[in-house]
Amino acid sequence: MSGVWVFEGGMVRRADSDPPTGGRGGAAGGKVLVHVPSGEVVTSYEVLERRLRELGWERYLHDPCLLQFHQRSTVHLISVPRDFARLKLLHMYDVVVKTRNVFEVRDAAAD
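So, how was this worked out
Residues numbered from 1 in each chain as written. Predicted model: local features only at pLDDT ≥ 70, side-chain atom pairs only at ≥ 80, totals over all residues. Heavy atoms only, no water. Buried < 20%, exposed > 50% of the residue type's maximum accessible area, 1.4 Å probe, protein only. Helix = DSSP H or I, 4+ residues; strand = E, 2+ residues; numbered from the N terminus. Pairing = 2+ DSSP bridges. Core = buried A, V, L, I, M, F, W, Y, C linked by side-chain atoms within 4.5 Å. Contact = heavy atoms within 4.5 Å.

(A) The arrangement of the pairing of strand β7 (residues 77-81) in detail. Along β7, four of the five residues are buried, which leaves the element largely enclosed by surrounding structure. Looking at chain direction, strand β6 (residues 66-71) and β7 are connected through five bridges and run antiparallel. Within β7, the residue paired with L66 across the bridge is P81. The loop that links β6 with its antiparallel partner β7 comprises five residues.

Put into structure tokens, the structure is as follows:
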């Protein structure tokens, strides 16, 4: 089973199984994902996919619940919920960790 998994209190669950939250990308606390070189806030999956493609990431398999991206040169896989409104802070940090120095998570008020 693919996706982002969270371990809490001895239990495991898929991170994208939480009920959707409102706001930009659904991130709690008013956080946004920012493409650092351009300063562009990621407001949709079209923006995210375009920026990831510039870095050599490709769309991976068709999953009805997730969008997944991979790089042929690494074993990394970025998984995000198909509905952008369900994008959580955990998903944003997954992108940040796997694309060092290219994306950042910032406070929405700072942008």
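More follows now that the structure is in view.
(B) Structural context of the nonpolar core. L33, L48 and F103 are the most contacted members of the largest nonpolar core, which totals 19 residues. Secondary-structure elements contributing two or more residues to this core are α1 (45-54), β6, β7, α2 (89-98) and β8 (103-107). In contact with F103, not counting residues within four places along its chain, are L33, V34, H35, V36, V42, L48, R51, L52, L55, V95 and V96.

Everything listed is a geometric property; what it means functionally is a separate question.
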